[in-house]
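# Geometric and topological summary
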Amino acid sequence: MLSAPDRSMAVGRGYVSDASLRVADLPFDAGSRLSPCPHLGFVPEFAGKPEADTMEFTAATADQILAIRVNAGLAELAADPRFAAASPDMVEAIVEGIGAFAAGEWAPLNRKGDVEGAVLADGRVNLPDGFAQAYRAYVEQGWNAIAGDPRFGGQGLPFTLAANVLENLGTANMAFGLLPMLTVGAIEAITHHGSPAQQDLFLPRLISGKWSGTMNLTEPQAGSDVGALRATATPITQGERAGRYRIKGTKIFITWGEHDLAGNIVHLVLARTPGAPAGSRGISLFIVPKYHVAADGSLGARNDLRVVSLEHKLGIMASPTCVMSFGDNDECIGELIGRENEGLKCMFTMMNSARINVGSQGVQIAERALQQAQHYARERIQSARAGSPSREPVAIVEHPDVRRMLLRMRALTEGARALLYYTAGMVDRAALGNRDAQVRADCLVPMIKAWGTDIGCEVASLGVQIHGGMGFIEETGAAQHYRDARIAPIYEGTNGIQAADLVTRKLGYENGAVLTALLADVAAEAGEGTPLADLAQDCIAIARWMSAEASLDDKLAGSVPFCTMCAVAVAGWQLLRQARAAASAGGALARTKPVITRYFIEHIVPETRGLKAAAMAGAGLLYALDAMSLTD
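Residues numbered from 1 in each chain as written. Predicted model: local features only at pLDDT ≥ 70, side-chain atom pairs only at ≥ 80, totals over all residues. Heavy atoms only, no water.

## Let's talk about the overall build of the protein
When you go through the protein residue by residue, the secondary structure sums to 21 helices and 14 strands. Computed over the C-alpha atoms, the radius of gyration of the protein is 25 Å, within 12% of the 26 Å expected from 2.2 N^0.38 for a compact globule of 632 residues. Seen through its C-alpha atoms, the protein measures out along the principal axes to roughly 90 × 60 × 60 Å. Going through the 632 residues of the protein one by one, you find that 58% of them count as buried. Long-range contacts, defined as pairs at least 24 residues apart, comprise 73% of the intrachain contacts of the protein with a sequence gap of at least 6. Total accessible area computed for the protein in this model is approximately 25,100 Å², and 54% of it derives from carbon and sulfur atoms. Computed over 56 positive and 67 negative side-chain charges, the inter-centroid distance for the protein is 1 Å. (Helix = DSSP H or I, 4+ residues; strand = E, 2+ residues; numbered from the N terminus. Rg over C-alpha atoms; globule rule 2.2 N^0.38 Å. Buried < 20%, exposed > 50% of the residue type's maximum accessible area, 1.4 Å probe, protein only. Contact = heavy atoms within 4.5 Å. Areas by Shrake-Rupley, 256 points an atom, 1.4 Å probe, with all protein chains shown as cover. Lys, Arg positive; Asp, Glu negative; His and termini not counted. Charge placed at Lys NZ, Arg CZ, Asp CG, Glu CD.)

## Considerations on the environment of Pro 81
Counting through the fold element by element, Pro 81 comes out in the loop between α3 (74-78) and α4 (88-106). For the pair formed by Pro 81 and Leu 432, sequence separation is 351 residues and the distance between their alpha carbons is 9.9 Å.

## Examining unusual backbone geometry
The phi torsion at Asp 122 lies on the positive side, around 55°, for a residue other than glycine. Within the element layout of this structure, Asp 122 appears in the loop between β3 (119-121) and β4 (124-126). A relative accessible area of 82% places Asp 122 in the exposed class. A positive phi angle is found at Glu 492, which is not glycine, with a value near 60°.

## What about the pairing of strand β9 (residues 284-289)?
Among the six residues in β9, six count as buried, and that is most of the element. Side chains Ser 284, Phe 286 and Val 288 of β9 all project onto a buried face; the interleaved residues Leu 285, Ile 287 and Pro 289 project onto the opposite face, where all are buried too. In this sheet, β9 lies alongside strand β8 (residues 264-271) in antiparallel orientation, the contact comprising six bridges. Across the sheet, the residue bridging to Leu 270 is Leu 285, located in β9. Relative to strand β14 (residues 333-337), β9 runs antiparallel, the two being bridged by three bridges. Its bridge partner lying in β14, Ile 287 is registered against Glu 335. (Pairing = 2+ DSSP bridges.)

## Describing the environment of Arg 111
On the secondary structure map, Arg 111 appears in helix α5 (residues 110-116). For Arg 111 and Thr 476, which are 365 residues apart along the polypeptide, the C-alpha to C-alpha distance reads 9.9 Å.

## Overview of the nonpolar core
Phe 176, Met 447, Trp 451 and Phe 562 are the most contacted members of the largest nonpolar core, which totals 186 residues. Counting residues per element, this core draws most heavily on helix α12 (residues 435-467), at 16 residues. Among all residues touching Phe 176, those that are not within four sequence positions of it are Trp 106, Leu 109, Phe 131, Ala 134, Tyr 135, Trp 256 and Leu 261. (Core = buried A, V, L, I, M, F, W, Y, C linked by side-chain atoms within 4.5 Å.)

## Some thoughts on the side chain of Lys 251
For Lys 251, the position within the fold is in strand β7 (residues 245-255). A polar contact of 3.1 Å, which involves the side chain of Lys 251, links it to the backbone oxygen of Leu 217. Residue contacts for Lys 251: discarding those within four places in its chain leaves Asn 216, Leu 217, Thr 218, Glu 219, Leu 229, Ala 231, Val 269, Leu 270, Cys 322, Val 323, Met 324 and Phe 326. (Polar contact = N/O pair within 3.5 Å; in protein donor to acceptor, adjacent residues only side chain to side chain.)

## Remarks on the pairing of β7
Across four bridges, the pairing between strand β6 (residues 232-235) and β7 is antiparallel. Residue pairing in the sheet places Pro 235 in a bridge with Tyr 245 of β7. Of the strand pairs in this sheet, β7 and β14 are connected by two bridges, and their pairing is antiparallel. Residue pairing across strands places Tyr 245 opposite Gly 334, the latter belonging to β14.

## Overview of the environment of Met 351
The residue Met 351 is located in helix α10 (residues 343-379) in this model. According to the relative accessible area criterion, Met 351 is buried, its value standing at 8%. C-alpha separation for the pair Met 351 and Glu 492, spaced 141 residues apart in sequence, amounts to 6.6 Å. Once residues within four sequence positions are removed from consideration, Met 351 is found in contact with Met 215, Leu 217 and Glu 492.

## Focus on the packing of aromatic side chains
Scanning the entire structure with this criterion turns up 10 aromatic pairs. Here the aromatic rings of Phe 131 and Phe 176 are separated by 4.7 Å at their centres, their planes lie at 45°, and the arrangement is tilted. Of this pair, Phe 131 sits in helix α6 (residues 131-140) while Phe 176 sits in helix α8 (residues 174-193), and the two are 45 residues apart along the sequence. Like Phe 131, the residue Phe 176 is buried in the burial classification. Of the aromatic side chains, those joined through ring pairs into one cluster are Trp 106, Phe 131, Tyr 135, Tyr 138, Phe 176 and Trp 256. (Phe/Tyr/Trp six-rings, centres within 6.5 Å; stacked < 30°, edge-to-face > 60°.)

## Overview of the pattern of salt bridges
Per the counting criterion, the structure on display carries 33 salt bridges. In this structure, the salt-bridge partner of Glu 116 is Lys 112, at a minimum N-O distance of 3.2 Å. Separated by four residues within a single helix, Glu 116 and Lys 112 lie in helix α5, roughly one turn from each other. In this structure, Arg 435 engages Glu 510 in a salt bridge whose closest nitrogen and oxygen atoms are separated by 3.0 Å. With a gap of 75 residues between them, Arg 435 in helix α12 and Glu 510 in the loop between α14 (495-504) and α15 (513-526) connect regions that are remote in the sequence. (Salt bridge = Lys/Arg side-chain N within 4 Å of Asp/Glu carboxyl O.)

## Let's talk about helix α9 (residues 196-208)
Taking 1.5 Å of rise per residue, the 13 residues of α9 would be expected to cover 18 Å, and the 18 Å separating its terminal C-alpha atoms lies within 8% of that figure. The sharpest bend along α9 measures roughly 40° and falls at Phe 202, with the proline Pro 204 sitting one to four residues further on. Among all positions of α9, only Gln 198, Gln 199, Leu 201, Phe 202, Leu 203, Leu 206, Ile 207 and Ser 208 are buried. Directly beyond the C-terminal end of α9, a positive phi value near 90° is found at Gly 209. (Expected span 1.5 Å × (residues − 1). Bend = angle between axes of the 7 residues up to and from the residue.)

## A few points about the packing of α15 against helix α18 (residues 559-585)
Between two packed helices, what matters for the description is the angle formed by their axes and the separation of those axes. At a minimum axis separation of 10 Å, α15 and α18 run at an interaxial angle of 40°. The pairing of α15 with α18 is recorded here as oblique in orientation. Note on packing geometry: the crossing formed by α15 with α18 is left-handed. Residues Leu 515, Leu 518, Leu 519, Asp 521, Val 522, Glu 525 and Ala 526 of α15 pack against Phe 562, Cys 566, Ala 569, Val 570, Trp 573, Leu 576, Arg 577 and Arg 580 of α18. (Axes fitted to C-alpha atoms, helices over the stretch in contact; angles between N-to-C directions. Parallel < 35°, antiparallel > 145°, perpendicular 65-115°, else oblique. Left-handed = near helix turned anticlockwise from the far one by under 90°.)

## Let's talk about helix α16 (residues 531-548)
Its 18 residues place the ends of α16 26 Å apart at the C-alpha level, agreeing with the 26 Å of an ideal helix rising 1.5 Å per residue. For α16, the complete set of buried residues consists of Leu 532, Ala 533, Leu 535, Ala 536, Asp 538, Cys 539, Ile 540, Ile 542, Ala 543, Trp 545 and Met 546. Buried residues along α16 sit in contact with α14, α15, α17 (552-557), α18, α19 (588-609) and α20 (612-615).

Following this line, the structure appears as structure tokens:
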């Protein structure tokens, strides 16, 4: 263990912690307790604190450290001078530290944010009390800078550890966690495509978290068809702003598009310049700050942009989802990032990072729903256990079907986490110049985004089911997880788009060799004749059929089941690696991880193999009815 001063320096600038601190030792104030009810057993009693969360949150520190060590392979990464600071002690300090911070600072605001939400009044977005203080503490303690470039004030640590920061923040408070998540995307775009002057001006403030970032793609008429956008960017040829552009247009679904938690908001906006080619080939990307920025980084007057309205949503109530208007007075000033007509290329740099982190949101909400379901199952007393000689009522965790649901929730959550950190490890290897890791990471991105968010919805739904009727009641909090989870399969490219990307682009890498090599690795390590190896071989067979025989319609028709199959195969492989490592290490994980892995391989893998027929069914049946007959 690190000493207290060393731990303080390790986890972020200004972070104060005790060397012996553990998440379980934090003085939680969940604001609710269980009281008996003659009809419902145990129900929440909020004691006059409806804004408080309904249960304690504990970071999944041990499982995260295992995934970082085994799936991301951080020790191997730390052997490179670039990541040499990521020693085992450093990793432990960061994972424990952010877990404690998330539990102590962000988790208590989760229920409050859901109940009160973000509110627009007089052109200002107001967040519930406590959000500004919690975000300020996040910035002051250096958490946003974990993977940032040291040239601009970052700590230069692997993306894997930054992903862990976001996992813990989002598990504590998914809506709030979207704020730093979008900033990560802006950092990526400016790092890879910004000019040196843009990097010097914007990156230090974004990396620190003092300023936040957004992505502005979607317009009312365009939806997911980015090529249909109409926002314009007119060059300024004279005056002090010559070389910049006047931006005009409306963007919708802009996450954290307006707020006062950060000193400035750096909007990255897709727009068209005059005479640009039609469609996606004519899109450029622009930096459009909320406040004008001088060369020394000081802030000037407000730019000509505003929030028009906030969307009324199913979930993530504390995340202001904005309709943004740029250039109402023809004075919204932006600057080009990258080259004209290459905006989509720049934006995809943001989106790849965002898609991994949205996949993480599936893990996040699954972990939170799982913890709440476990707590409820231990406390809720109902009925005698079938087959038991005793007729005394028992906690529902003793009933077989509840155990089935809890095991499924845990296996899916831990499997998705294993896939997340395996993907993150590939991203870090790609950053070190490993091309094989880069193309493998590209194949993994649609899997973690699509399957990760699908399991977030499934696990949150099972969490409601375990609560029974009380799960359908808002006060228990189980319903919030279900509502919050539902957005993740939609934004940053719907899961259908992710699956289409896998079969139309990623499958074509090296004529299919990249994806089939990944699946061959799964089969080889799983062992011939095992369910996991059989699933991997099924995936290889489908991939070859899609590459050699299937039409484009056929591939797209089977893309979603195929993506799911591939994701489950890789997740099962990574769980198997965890189980073997845990068994040799001893401790609590040596007892639990083999059981969780066995459930995944013996239950989830075989049912996933059943998707093979759908993956290879072709598109014929989908068009057996004309559009009118299908929708009438």
